[in-house]
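Residue-level listing of the chains:
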Amino acid sequence: MKTTTDHHANSKGEESPLKSFLVVNGPNLDLLGRRQPEIYGTGSLPELESGLIAFGRDLGLEITTFQSNHEGELIEVIHTAEVDGLVLNPGAFTHTSHAIADAVRASGIPTVEVHLSNIHEREPWRAVSVVAPACVRSIYGRGVAGYRAAIRHHLNRTTSPGEEVRYGPHRDNIGDLRRGERDLVVLLHGGVWKHQFERDTIESLAVDLHQRGHSSWNVEYRRIGAGGGWPGSAHDVLAALDFIPQLELPDGKVTVIGHSAGGYLGMWAAPRSKTSVDLIVGLAPIIDLELCVFDAGELEPESRLLLEAGAPPRVTPGGIPAFLIHPIEDAVVPFQHSSDLASETGVMLKEYNGGHFDLLDPSKPHWELVLERLSP
Ligand code: DQA
């Protein structure tokens, strides 16, 4: 058994005890880098582990790692772990090991399941995880970034857990509500409407808003590959906005913040909602589906699907005050989406010097500009 521990102090110099998380990898993951690199990537396991330890250190966390090819060893390390959370990739045991699922339940340690590959778009037997029901969240199909997302999710849910509130019958008609004294902000995540990208991607903004006293509702919606696309994803967002009065929050303004594809959904739904929305904030929003298809970049296949299903080629805030922030050199959603909308409608646009995903990080400078626009 080999474990690697990092005992570095909290880099932010905070005095609170370090939160510690254990990253457990199961069979064949020791071969990362050599094993089917077209599926699992070219990085090795030591690279993955040292990267996560450094990532944790920057967040003021202690990360420990463990890998084994043996089911019993994995179970024993889960039994004996004394950590605040587990990040668990059980490899092929995912699909068979009720014993590992039971170990997670027995440990009582909040566990995020991670898979490098998109287990829902491979052989049918991989789509079944017997471990998932024992876990607080499952992240798949995001490569190595999925492990970092799992650590962030652990941090967010320990900082500010929130309550899950359903707004409709589908599994994904749900949102994390964090109640505060100040006005409500609804968060809509991006991810080109693909099902492997979920609301944990925008959760750090939801938690930051809550810590500043706002109510935040981080809304999930059906996505392509899991009942979404057009019109499912957009109708879900509309249903969530219509549901706001039932959240029973104090009277106040409503702001909708959408990142990337979530920006498109917010701009479509907010003007149509029975709930009056006071401000739409687009963080590198997708505005123009035809532009995505024309660009022939990574947004093309899903944008084409939406257009073919009857989605409007372009969205606008429809008279609702809007504020856009867009990286000038955005490599995912070109700046032109926001600049065209700004010149056509006069909505305010701030240029940002950074990357598309920086906008999901409340420690980046753009966030102050958003906060300034929220009512006191
Ligand atoms: C895996 C997916 C499993 O189906 C497979 O058996 C693995 C790796 C992943 O990370 O994508 O070993 O968990």
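For the structure itself, consult the block above.
Computed from a predicted model, the values in this text were never measured in an experiment. (Residues numbered from 1 in each chain as written. Predicted model: local features only at pLDDT ≥ 70, side-chain atom pairs only at ≥ 80, totals over all residues. Heavy atoms only, no water.)

S.K.: Looking at this structure, how should I read the overall build of the protein chain?
M.R.: Within the protein chain, the secondary structure is distributed over twelve helices and 14 strands. For 376 residues, the compact-globule estimate of 2.2 N^0.38 gives 21 Å, and the C-alpha radius of gyration of the protein chain, at 21 Å, lies within 12% of that figure. Over its C-alpha atoms, taken along the principal directions, the protein chain stretches across nearly 60 × 45 × 40 Å. For the protein chain, the proportion of its 376 residues judged to be buried stands at 56%. Summed over all atoms, the accessible surface of the protein chain reaches about 15,700 Å², with 50% contributed by carbon and sulfur. When the 32 basic and 50 acidic side-chain charges of the protein chain are each reduced to a single mean position, those positions are 2 Å apart. (Helix = DSSP H or I, 4+ residues; strand = E, 2+ residues; numbered from the N terminus. Rg over C-alpha atoms; globule rule 2.2 N^0.38 Å. Buried < 20%, exposed > 50% of the residue type's maximum accessible area, 1.4 Å probe, protein only. Areas by Shrake-Rupley, 256 points an atom, 1.4 Å probe, with all protein chains shown as cover. Lys, Arg positive; Asp, Glu negative; His and termini not counted. Charge placed at Lys NZ, Arg CZ, Asp CG, Glu CD.)

S.K.: When you look at the packing of helix 3 (residues 71-80) against helix 4 (residues 98-107) in this model, what are you seeing that I'm missing?
M.R.: Packing of helix 3 against helix 4 brings their axes to within 9 Å, and their N-to-C directions diverge by 10 degrees. Considering their axes alone, helix 3 and helix 4 lie roughly parallel with respect to each other. For the pair formed by helix 3 and helix 4, the contact residues are E71, L74, I75, I78 and H79 on the first element and A99, I100, A103, V104 and S107 on the second. When grouped by side-chain class, the residues that make up the contact of helix 3 with helix 4 number seven nonpolar, two polar and one charged. (Axes fitted to C-alpha atoms, helices over the stretch in contact; angles between N-to-C directions. Parallel < 35°, antiparallel > 145°, perpendicular 65-115°, else oblique. Contact = heavy atoms within 4.5 Å. Nonpolar A, V, L, I, M, F, W, Y, C, P; charged D, E, K, R; others polar.)

S.K.: Explain the packing of helix 5 (residues 145-159) against helix 6 (residues 203-211) to me, please; I cannot follow it from the model alone.
M.R.: With their axes 10 Å apart at the nearest point, helix 5 and helix 6 run at an angle of 20 degrees to one another. Taken together, the axes of helix 5 and helix 6 lie roughly parallel to each other. The interaxial crossing formed by helix 5 with helix 6 has left-handed handedness. Contact residues: helix 5 offers R152, H153, N156 and T159, while helix 6 offers E203, S204, V207 and Q211. (Left-handed = near helix turned anticlockwise from the far one by under 90°.)

S.K.: Sorry, what's going on with the environment of G162 here?
M.R.: Relative to the helices and strands, G162 is located in the loop between helix 5 and strand 7 (163-166). Separated by 84 residues in the primary sequence, G162 and Q246 have C-alpha atoms spaced 16 Å apart. With sequence-adjacent residues up to four places away left out, G162 is seen in contact with L177 and R178.

S.K.: Explain the side chain of D288 to me, please; I cannot follow it from the model alone.
M.R.: One can find D288 in the loop between strand 12 (279-283) and helix 9 (289-295). On the basis of relative accessibility, which here comes to 10%, the residue D288 falls in the buried class. Side-chain polar atoms of D288 contact the backbone nitrogen of L291, separated by 3.0 Å. Within the structure, the side chain of D288 is placed 3.3 Å from the side chain of R314, a separation counted as a polar contact. In this structure D288 touches P313, R314 and H337, once residues within four positions along its chain are discounted. (Polar contact = N/O pair within 3.5 Å; in protein donor to acceptor, adjacent residues only side chain to side chain.)

S.K.: Even after reading the chapter, I still don't get the site of the ligand, so can you show me in this structure?
M.R.: Every residue close to the ligand is listed here: R35, Y40, N89, G91, A92, H95, H115, L116, S117, I119 and R126. In this structure, N89 approaches the ligand through a side-chain N or O atom, which is 2.8 Å from an oxygen atom. Within the side chain of R126, one N or O atom sits 2.8 Å away from an oxygen atom of the ligand. When isolated, the ligand has an accessible area of 320 Å², and the protein chains bury 99% of it. (Near = heavy atom within 4 Å.)

S.K.: I keep staring at helix 12 (residues 366-373) and nothing clicks. Help me out?
M.R.: Structurally, the α-helix is built with 3.6 residues per turn, so residues lying three or four positions apart point the same way. Looking only at helix 12, the buried set comprises H366, W367, V370 and L371. End-on, the buried residues of helix 12 take up no more than an arc of 135 degrees, which puts them together on one face. Buried residues belonging to helix 12 abut helix 6, strand 11 (254-259), strand 12, strand 13 (322-327) and strand 14 (348-352). (Arc of directions from axis to C-beta.)

S.K.: Sorry, what's going on with the pattern of salt bridges here?
M.R.: Pairs can form between side chains of opposite charge whenever their charged atoms are close. In this structure the tally under the stated criterion is 22 salt bridges. Across the salt bridge formed by E203 and R178, the nearest N and O atoms sit 3.8 Å from each other. With a gap of 25 residues between them, E203 in helix 6 and R178 in strand 8 (residues 174-178) connect regions that are remote in the sequence. Across the pair, exposure class does not vary: E203 and R178 are buried alike. (Salt bridge = Lys/Arg side-chain N within 4 Å of Asp/Glu carboxyl O.)

Just geometry here; none of it tells us what the structure is for.
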